[in-house]
Amino acid sequence: QVQLVESGGGVVQAGGSLRLSCAASGRTFGSYVMTWFRQAPGKEREFVAAITGSGGGTSYKDSVKGRFTISRDNAKNTLYLQMNSLKPEDTAIYYCAARRGAWTPYVYDYDYWGQGTQVTVSS
């Protein structure tokens, strides 16, 4: 079992930056693939970025490549998402999720979810 708590969301102007954090409970954080998803109003939840348990591998949604960076600190049981050059279309609730095994971009493959943190980008 792992419990996840996101933080760091807020309101920012277009072009600005935010860093999201996801604090995980438990002593096996490093054994989980960690992924950020987001859900905008009226839309389905979508994959944003993923990172392997060791942190050695990452994957990104095309529209955030070059702007967002996913990272993790296994000693602190924490996942991060650095978001730069934010756009209004990045507005959404951002969720972190965990699973064992290989990463996937599919919501239904993830066993553990945080409660989400709101990111609002104004134009």
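Residues numbered from 1 in each chain as written. Predicted model: local features only at pLDDT ≥ 70, side-chain atom pairs only at ≥ 80, totals over all residues. Heavy atoms only, no water.

On to the sheet that holds strand S1 (residues 4–7), then. Strand order in the open sheet made by the 4 strands is S1-S3-S8-S7, with antiparallel pairing throughout. Of all strands in the sheet, those with a lone pairing partner are S1 and strand S7 (68–73), marking the two edges. Going from strand to strand, the sheet's axes swing by 15° on average, the running direction of each strand aside. In this structure, S7 lies alongside strand S8 (residues 78–83), joined through 6 bridges in antiparallel fashion. Its bridge partner lying in S8, Arg-72 is registered against Leu-79. (Pairing = 2+ DSSP bridges. Helix = DSSP H or I, 4+ residues; strand = E, 2+ residues; numbered from the N terminus. Axes fitted to C-alpha atoms, helices over the stretch in contact; angles between N-to-C directions.)

The subject of this paragraph is the packing of aromatic side chains. For the coordinates displayed, the defined rule picks out 8 aromatic pairs. Their ring planes at 80° and their centres at 6.3 Å tell us that Phe-37 and Phe-47 sit as a pair that is edge-to-face. Of the two residues, Phe-37 sits in strand S4 (residues 33–39) while Phe-47 sits in strand S5 (residues 46–51), which places them 10 residues apart along the sequence. Judged by its relative accessible area of 11%, Phe-47 is buried. When the ring of Tyr-110 is compared with that of Trp-113, the centres are 6.3 Å apart and the planes differ by 70°; the resulting orientation is edge-to-face. Connected via pairs of aromatic rings, a cluster forms that spans Phe-37, Phe-47, Tyr-95, Trp-103, Tyr-110 and Trp-113. Sitting over the face of the ring of Phe-29, Arg-72 holds its NZ or CZ atom 4.4 Å from the ring centroid. Positioned above the aromatic ring of Tyr-32, the side-chain terminus of Arg-100 is 4.4 Å from the ring centre. (Phe/Tyr/Trp six-rings, centres within 6.5 Å; stacked < 30°, edge-to-face > 60°. Buried < 20%, exposed > 50% of the residue type's maximum accessible area, 1.4 Å probe, protein only. Lys NZ or Arg CZ within 6 Å of the ring centre and 35° of its normal.)

What follows deals with the environment of Gln-1. Looking at where Gln-1 falls in the secondary structure, it is placed in the segment before S1. Classification of Gln-1 by relative accessible area gives exposed; the value is 78%. Separated by 64 residues in sequence, Gln-1 and Lys-65 place their C-alpha atoms 31 Å apart.

What follows concerns the state of the cysteines. Tallying each qualifying case throughout the model produces 1 disulfide. Shown here is the disulfide that connects Cys-22 with Cys-96, its sulfur atoms set 2.1 Å apart. Handedness here is read from the sign of the S-S torsion; for Cys-22 and Cys-96, about 60°, the answer is right-handed. With Cys-22 in strand S3 (residues 18–24) and Cys-96 in strand S9 (residues 92–99), this pair connects stretches of sequence that are 74 residues apart. Comparing Cys-22 with Cys-96, the two get one shared label, buried. (Disulfide = S-S within 2.5 Å.)

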